[in-house]
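Single-letter residue listing:
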Amino acid sequence: MLKKWKMRKEFGCDLFRHTLDKVEQEALGLDPWAPFADEDEWGLVKWLIARMRHMKTSFSSKYMLMKAINKLPHGTEWELKSIHVKGNLNGTNGQPECKDLELWLWNPVDCICELMANLEFDGKVSYSPEKVFADAEGTIRQYDEMWAGEWWWEMQQRLPDGAVVVPVILASDKTSLSQFCGDQEVWPVYLILSNISKDVHHQPSEHAAILLECFSQDTRSLERYRLFHYCMSQVLEPLISAGNNGIEITCPDRQVRRMHPIIAAYIADFPEQCLVTCCMENRCPKCRGEMRNLAMCDQDSALENLHLHSRSEMSNEQFKGELGLQAIYSPSWATLPHNDIFLCITPNILHQLHKGVFKDHLISWCSNIIGKEELDTCFKAMASYSGLRHFKKGISKQKQWMGADYRELQCVNNQVVAAYQTHTDTTLAFMQDALTSFHANKNCTTQSTLTYLKSIPCFTTSNAICLFGSADGFNTKLPERLHIDFTKCAYHASNCHDYVVQMTTWLHRQESIAIQDAYLWWWASQHLDPVNNSELDNSDGSTSVSNLDASQGYFVPRRCPFPNSTIQQLLHDYGTTLFIPALEDFLGKHMPNGSQRKLTPHDRVDVYKYLKVLSPAQPHVCTAPVIPSKDARKGPAPAHFDTVLVIEDEDQYTGEGISGLRVGEVKVIFELPSCFRHFPRPLAYIHWFQPLQTFNDNLQSFKLMRSSLAAGT
């Protein structure tokens, strides 16, 4: 006892002494985390110290750690090309002012070899074109991936037997690095392969897109156009020989194939499209002449017109006024094999459809016709529905709109056919009819609106979908998302001085870590037992989120959010008045050999917040009771229980019509406790509506009424 008391006394003295040290530290104006920078750094120190006792690392400092990372396997090296630009203005010395610019790039052929050699893409890569049909007779074509389009079939016929087409998608967009102040800008260009499924290369975590180049510039007008094309020609030069002669590439299935990389599509916003196609920004980058002229541009004729103007054999009035071209006599795409740059320009869903036609035009029309207040009232009055956003404050007061906001607004207002992930000949016919009707009736609008409609780039979406697959594979939201990983994060990791060199070093190390992590994941998958192989997760933990089984047709969260919830809680919070008799009836029918004891309100079940159905469109079924607000100024969140169509009678249900179906309100999604034996699937308690019988011809919908007996399983 004396020893313990003495230790406590000594500890108290030490604590008192350290408290005095902290008081002196605060008097000096130091942070409480000193000598560390902030709370995050202190948390990192605690994590390292807690685990350093059990591990002996090969590095003892940040320098040694970075040195070890530099030894990891990596991809192609960054190349630096200096560009000397001479201006047309003289400086103080009487000589023309000059400026040196930097072009940092990766060899695109090496990037293609790295992407195709990624073993994680095995089973997700296509090497030949396909024709997919939506019907058993093979009469209705289906378009989703690029290999289901006509462009790949045409390219395959141009190449020798045994050759494999590698459709290359380029994406570029100038972006600002600094926030709130500064003028640091870069112009990144990304490379994507359409052999890889769009579901894969749309996810930045899959590393299916590569930053091809990064250059900064501040030139103006025509010289800016010429400088861009000169830089792009330097980057794309290796693709000329590879596209003509082919290169041998090791694929994810460990087979070596002779592949021909060909530029298939170019993702960019409208100003960037005009920049790439060498046309003026008041003209369509795909059509000759003004935007109302639907005659498609041709690359050979465009090159011929550029050649004639360069030799002064074509007047400026015809060259600029009639054709709308810029005087760029050596465009970057002039020597690319099997390429038509005007055909490569794909629909820009984000800016042309979501923001341009819908938000800036259609919504503005509705607002002018019925007024902003009435439009806000319509959105506020809409009932909440699973998968649809409820604009409870309206839309007129929202200042900043993102791409996701536009899409959610469209889902509430109407259905956008162009944004389908899969198209058929039928949906494309609908789109073409709508486009024809649009052009036939746009002259009925006011003069100001007609001027705006003529300024919209002509829509050739249906033709592009037939060639390259559904338009969601070419959305400009992808390069804007890649800006975060490849430019923003890289810039913020630098000290903002001579940042381009530091950005390339940071990207080089990030690539090394990704390659090492992918190899370790593959190595672990080869050395695990078949039984444990299914438990292998990715390093980012993405597969541990949900319990996904495609054969079951649904998935629920792997971790139950409300385990061991009492039935009394369900009766009170979820309004499941007949839960106990309904569950006893279910157990008697489906588990006759199980426990026969009576259920009580004190029995417990595991309750889930939602369930997702995988087919046909991943509907989200949610159940949530009244949630008390943590803010005293706000009321509690109302209860939310989704309504679903349930197959009540499997004998009557044929897959068409409403026979055998019944509407129900999902109250609880739960799993049985172990005391009732293991049941392979979660259960749902449903309040039934009356059978669908009364049909309203005016509303084209059925009338729903709650059943007097609200029990269900």
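Values in this document were obtained by computation on a predicted structure and should not be read as measured data.

A. Spotlight on the overall build of the chain. When its secondary structure is counted, the chain shows 23 helices and 23 strands. Residues classed as buried in the chain amount to 40% of the 713 residues present. Look at the contacts in the chain between residues 6 or more apart in sequence, and 61% of them connect residues 24 or more apart. Here the chain displays about 41300 Å² of accessible surface, and carbon together with sulfur accounts for 53% of that area.

B. Just the nonpolar core, in detail. By size, the foremost hydrophobic cluster in this structure holds 86 residues, and its most contacted members are Ile 112, Met 116, Trp 151 and Leu 193. Filtering out sequence-adjacent residues up to four positions away, Ile 112 remains in contact with Val 166, Val 168, Leu 191, Leu 193, Leu 239, Ile 249 and Pro 261. The next biggest cluster of nonpolar side chains, apart from the first, holds 21 residues, and it includes Ala 582, Leu 583, Phe 641 and Val 668.

C. Seen up close, the packing of aromatic side chains. All chains considered together, the criterion is met by twelve aromatic pairs. Look at Trp 333 and Phe 342: their rings are 6.0 Å apart centre to centre, the planes differ by 65 degrees, and that puts the pair in the edge-to-face class. Overall, the relative accessible area of 1% leaves Trp 333 in the buried class. With centroids separated by 6.3 Å and ring planes inclined at 55 degrees, the aromatic side chains of Tyr 574 and Phe 641 adopt a geometry described as tilted. Of this pair, Tyr 574 sits in helix 22 (residues 567-574) while Phe 641 sits in strand 18 (residues 640-641); the two residues are 67 residues apart in sequence, bridging distant segments of the chain. On the basis of relative accessible area, Tyr 574 is assigned to the buried category, the value being 8%. Chaining the aromatic ring pairs together yields one cluster made of Trp 151, Phe 468 and Phe 474. Cation over ring: Lys 131 sits above Trp 153, and NZ or CZ is 5.4 Å from the ring centre. Here Arg 257 stacks its cationic end above the ring of Tyr 127, 3.7 Å away from the centre of that ring.

D. Structural detail: the pairing of strand 21 (residues 683-688). In terms of burial, strand 21 is largely enclosed, as five of its six residues are buried. With six bridges connecting them, strand 20 (residues 661-671) and strand 21 associate as antiparallel partners. The partner of Val 666 across the bridge, within strand 21, is Ile 686.

E. Structural detail: the packing of helix 13 (residues 349-370) against helix 14 (residues 372-381). Contact geometry of helix 13 with helix 14 gives a least axis separation of 6 Å together with a crossing angle of 115 degrees. Looking at the two axes, helix 13 sits roughly perpendicular to helix 14. Across from Ile 363, Cys 366, Ser 367 and Ile 370 in helix 13, the residues of helix 14 making contact are Lys 372, Glu 374 and Leu 375. Among the residues making up the contact of helix 13 with helix 14, the classes are represented as four nonpolar, one polar and two charged.

F. Fine view of unusual backbone geometry. In this structure, Arg 254 takes a positive phi of about 70 degrees despite not being glycine. Tracing the sequence through the fold places Arg 254 in the loop between strand 9 (247-250) and strand 10 (256-267). Under the relative-accessibility criterion, Arg 254 is labelled partly exposed at 48%. Non-glycine residue Ser 312 carries a positive phi angle of around 60 degrees. Along the polypeptide, Ser 312 turns up in the loop between helix 10 (299-310) and helix 11 (316-322). Its relative accessible area of 68% is what places Ser 312 among the exposed residues.

G. Layout of the pattern of salt bridges. Evaluation of the coordinates by the stated rule reveals eleven salt bridges. With a shortest N-O distance of 2.7 Å, Asp 405 and Arg 389 are connected by a salt bridge. Pair noted here: Asp 405 is in helix 15 (residues 403-413) and Arg 389 is in the loop between helix 14 and helix 15, with a separation of 16 residues, a long-range link. Owing to a relative accessible area of 12%, Asp 405 belongs among the buried residues under this scheme. Judged by relative accessible area, Arg 389 falls into the partly exposed class, the value being 31%. Among the charged side chains, a salt-bridge network with shared partners connects Glu 665, Lys 667 and Arg 706.

H. Layout of helix 18 (residues 461-468). For helix 18, the buried fraction is high: six of the eight residues fall into the buried class. Of the residues making up helix 18, those classed as buried are Thr 461, Ser 462, Ala 464, Ile 465, Leu 467 and Phe 468. Taken together, the buried residues of helix 18 touch strand 4 (141-143), helix 5 (150-158), strand 10, helix 12 (341-344), strand 11 (423-424) and helix 16 (425-441). Gly 469 occupies a position one or two residues after helix 18 and carries a positive phi of about 95 degrees.

I. Inspection of the packing of helix 4 (residues 108-116) against helix 8 (residues 238-245) at higher detail. Running from amino to carboxyl end, helix 4 crosses helix 8 at an angle of 55 degrees, the nearest separation of the two axes being 8 Å. By the angle between their axes, helix 4 is oblique relative to helix 8. Residues Pro 108, Val 109 and Ile 112 of helix 4 pack against Pro 238, Leu 239 and Ala 242 of helix 8. By residue class, the composition of the contact of helix 4 with helix 8 is six nonpolar, no polar and no charged.

J. Structural context of the sheet that holds strand 11. Spatially, the three strands line up as an open sheet ordered 3-4-11, and their pairing is antiparallel. Two strands lie at the open edges of the sheet, namely strand 3 (132-133) and strand 11, each paired on one side alone. Across two bridges, the pairing between strand 4 and strand 11 is antiparallel. Paired with Gln 142 across the two strands is Thr 424, which belongs to strand 11.

K. Representation of helix 13 in the model. A rise of 1.5 Å per residue sets the reference length of helix 13, with its 22 residues, at 32 Å; its end C-alpha atoms lie only 27 Å apart and thus fall more than 12% short of the reference. For helix 13, the principal kink sits at Phe 358 and spans about 35 degrees. All of the buried residues along helix 13 are Ile 349, Leu 350, Gln 352, Leu 353, His 354, Gly 356, Val 357, Phe 358, Lys 359, His 361, Ile 363 and Ser 367. Of the residues flanking the end of helix 13, it is Gly 371, one or two places downstream, whose phi is positive at about 95 degrees.

So, how was this worked out
Chains are numbered independently. Their residues run from 1 in the order of the written sequence. Only residues with pLDDT of at least 70 are given local features in this predicted model, and only at 80 or more are side-chain atom pairs given and counted; all residues enter the totals for whole chains, interfaces and linings. As a convention, hydrogens and water are excluded, and side-chain values are obtained from all of the structure's heavy atoms. The helix and strand labels rest on DSSP assignments: H or I over at least four residues marks a helix, E over at least two residues marks a strand, and numbering proceeds from the N terminus. When accessible area is computed with a 1.4 Å probe and restricted to protein chains, residues below 20% of their type maximum are described as buried, those above 50% as exposed, and intermediate ones as partly exposed. Contacts: residue pairs with any heavy atoms within 4.5 Å of one another. The accessible surface values rely on the Shrake-Rupley method and a 1.4 Å probe; as for residues, cover is taken only from the protein chains in view. Note on terminology: a nonpolar core comprises buried Ala, Val, Leu, Ile, Met, Phe, Trp, Tyr and Cys residues joined through side-chain atoms within 4.5 Å. The aromatic pairing rule takes the rings of Phe, Tyr and Trp, using the six-membered ring of Trp, and pairs them if the centres are within 6.5 Å, calling planes under 30 degrees apart stacked, those over 60 edge-to-face and the rest tilted. A positively charged side chain is recorded as over a ring if its NZ (Lys) or CZ (Arg) lies within 6 Å of the ring centre. The angle to the ring normal must also be within 35 degrees. Two strands make a pair as long as DSSP finds a minimum of two bridges between them. Here, axes are lines fitted to C-alpha atoms. For helices the fit covers the stretch in contact, and angles between N-to-C directions go from 0 to 180 degrees. In these notes the angle categories are as follows: under 35 degrees is roughly parallel, over 145 is roughly antiparallel, 65 to 115 is roughly perpendicular, and the rest is oblique. Under the scheme applied here, ten amino acids are nonpolar (Ala, Val, Leu, Ile, Met, Phe, Trp, Tyr, Cys and Pro), four are charged (Asp, Glu, Lys and Arg), and all others, including Gly, are polar. Salt bridge, as used here, is a side-chain nitrogen of Lys or Arg placed within 4 Å of a carboxyl oxygen of Asp or Glu. Multiplying 1.5 Å by the residue count of a helix minus one yields the expected span of that helix. Bend, in this description, refers to the angle at a residue between axes fitted to the seven residues ending there and the seven starting there.

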